[in-house]
Amino acid sequence: MRDFTKDHRWLSMNTATVRKQGDLLEIIDACARHGIGAISPWRDQVAHVGLEAAVRTVKAHGMKLSGYCRGGMFPHGADQAQAMRDDNRRAVDEAKALDAPCLVLVVGGLPQYSRPGSPASRDLGAARTQVVDGIAELLDYARKVGMPLAIEPLHPMYAADRACVNTMRHALDICDALDPGKTGALGVAVDMYHVWWDPELLAQIKRAGKSRLHAFHVCDWLVPTNHLLEDRGMMGDGVIDIRAARAAVEAQGFDGFSEVEIFSQNWWAQPMDTVLETCIERHKSVV
Ligand code: ZN
């Protein structure tokens, strides 16, 4: 297992963590000042500054990416099919332009939430079928472009609106069905916030193996959690045994970044430098 206590060369900042404190170019500058060598940006942040400026600034700082957020939201009504397909292909292209190692997929829930304007449905099974079909189709395109896809299972509290793939087992079942040869074109993003509670977590990490482990996201689960989306904890402030999970992914050969991804009204209210300094400190002491 890698020693994170001495430096933060394996720290990546998911740029949503400081999205309220600056635009993407300011975030990249701040990360560079703090010796952070990798980021995982969001599409809306890239769109805000423009793809070209984002690519230029990433390159100018020699910044790596640990992923690109995000594609997905596959479930859709019939009249949203083309928009869904085009939108996801654009996400693949942007990830390629930014030289991301993978495009993270938040697969979507019921169609009316995944693709607003779609007819309301209570059929989660049908949504899951559309997810598999959507990933299969996007995978064809992503293979041609050379952009690996990473399915991120989300905590089941998001099944209706964000992702109806909620466990590592479910995500890996989809990987096995669509990429039986384990080519690396399709894998998972292991976000501790979403999967820490799963009794099968360590067994499924082992099942995934290096070829399917595309990303490792960290934050903490606060008790109590006061907001479904925007109350993630700083590593060390909650109950997740992050180091045990990191040991498990590294035992499979994962040698990528540990990406800090915190959506938190509390941390969004802090100065950017304070957040980055705290992430570095906790990366060393907790992750
Ligand atoms: Zn994540």
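Structure shown above.
Numbering of residues begins from 1 in every chain and follows the order in which that chain's sequence is written. In view of the model being predicted, local features appear only for residues whose pLDDT reaches at least 70, and side-chain atom pairs are presented and counted only at 80 or more, with totals across whole chains, interfaces and linings using the full set of residues. Calculation of side-chain values draws on the structure's entire complement of heavy atoms; hydrogens and water are dropped beforehand.

Draft legend 1. Structural view of the packing of helix H6 (residues 124–145) against helix H7 (residues 168–178). Relative to each other, H6 and H7 sit at 50 degrees, their axes nearing to 11 Å. The pairing of H6 with H7 is recorded here as oblique in orientation. Along this stretch, H6 crosses H7, giving a crossing that reads as right-handed. Of the residues in H7, those in contact with Arg128, Val132, Ile135, Ala136, Leu139 and Arg143 of H6 are His170, Ile174 and Leu178. Any residue that is not Ala, Val, Leu, Ile, Met, Phe, Trp, Tyr, Cys, Pro, Asp, Glu, Lys or Arg is counted as polar, Gly included; the first ten are nonpolar and the last four charged. Looking at side-chain class alone, the contact of H6 with H7 contains six nonpolar, one polar and two charged residues. A fitted line through C-alpha atoms represents every axis, and for helices the fit uses only the stretch in contact; the resulting angles, taken between N-to-C directions, go from 0 to 180 degrees. Numbering of helices and strands runs from the N terminus; a helix is a DSSP stretch of H or I covering at least four residues, while a strand is a stretch of E covering at least two. Any angle from 65 to 115 degrees is called roughly perpendicular, while one under 35 is roughly parallel, one over 145 is roughly antiparallel, and all others are oblique. For a crossing to be left-handed, the near helix must be turned anticlockwise from the far one by less than a right angle; the clockwise case is right-handed. The contact criterion used is simple: two residues touch if any of their non-hydrogen atoms lie within 4.5 Å.

Draft legend 2. Main features of the coordination of the zinc ion. Donor atoms: N, O and S within 2.8 Å of the metal, or within 3.2 Å for Na, K and Ca. Because water is excluded, sites can look incomplete. Summarising the metal site, the zinc ion is bound by the protein donors Glu152 (OE), Asp191 (OD), His217 (ND1) and Glu261 (OE), whose distances to it range over 1.9 to 2.5 Å. In this structure, the zinc ion is coordinated by four donor atoms arranged in irregular fashion, with angles at the metal of 82 to 140 degrees. Sequence positions of the donors to the zinc ion reduce to the motif E-x38-D-x25-H-x43-E. On the criterion of sequence distance, the pair formed by Glu152 in the loop between strand E6 (149–151) and H7 and His217 in strand E8 (residues 213–218) is long-range, its members being 65 residues apart. Relative accessibility under 20% of the residue-type maximum defines a buried residue, over 50% an exposed one, and the middle range a partly exposed one, all with a 1.4 Å probe and only protein chains included. Classification of His217 as buried rests on a relative accessible area of 0%. Only four donors with every angle between 85 and 135 degrees are called tetrahedral; only four or six donors with opposite donors over 155 degrees apart and all others between 65 and 115 are called square planar or octahedral, in that order; all others are irregular.

Draft legend 3. A look at helix H10 (residues 242–251). For H10, every residue scored as buried is listed here: Ile242, Ala245, Arg246, Ala248, Val249 and Glu250. Next to the buried residues of H10 lie helix H8 (192–195), helix H9 (201–212) and E8.

Draft legend 4. How the structure looks around the side chain of Asp179. Within the fold, Asp179 resides in the loop between H7 and strand E7 (186–191). In protein, a polar contact means a hydrogen-donor-capable atom and an acceptor-capable atom, both N or O and within 3.5 Å, with residues adjacent in sequence counting only if both atoms are side-chain atoms; elsewhere, any N or O pair within 3.5 Å suffices. One polar contact links Asp179 to Thr183, side chain to side chain, over a distance of 2.8 Å. Here Asp179 is in contact with Arg143, Gly184, Ala185, Leu186 and Arg212, once residues within four sequence places are set aside.

Draft legend 5. Structural view of the packing of aromatic side chains. Pairs were defined over the aromatic rings of Phe, Tyr and Trp, the Trp ring being its six-membered one, requiring ring centres within 6.5 Å. Orientation was assigned from the angle between planes: stacked under 30 degrees, edge-to-face over 60, tilted for the rest. Enumeration according to the criterion identifies five aromatic pairs in this entry. Measuring from centroid to centroid gives 5.8 Å for Trp196 and Trp221, while their planes differ by 40 degrees, and the two rings are tilted. With Trp196 in the loop between H8 and H9 and Trp221 in the loop between E8 and H10, the pair connects residues that are 25 residues apart, well separated along the chain. Accessibility expressed as a relative area gives 14% for Trp221, which makes it buried. Linked through ring pairs, Tyr193, Trp196 and Trp221 together constitute an aromatic cluster.

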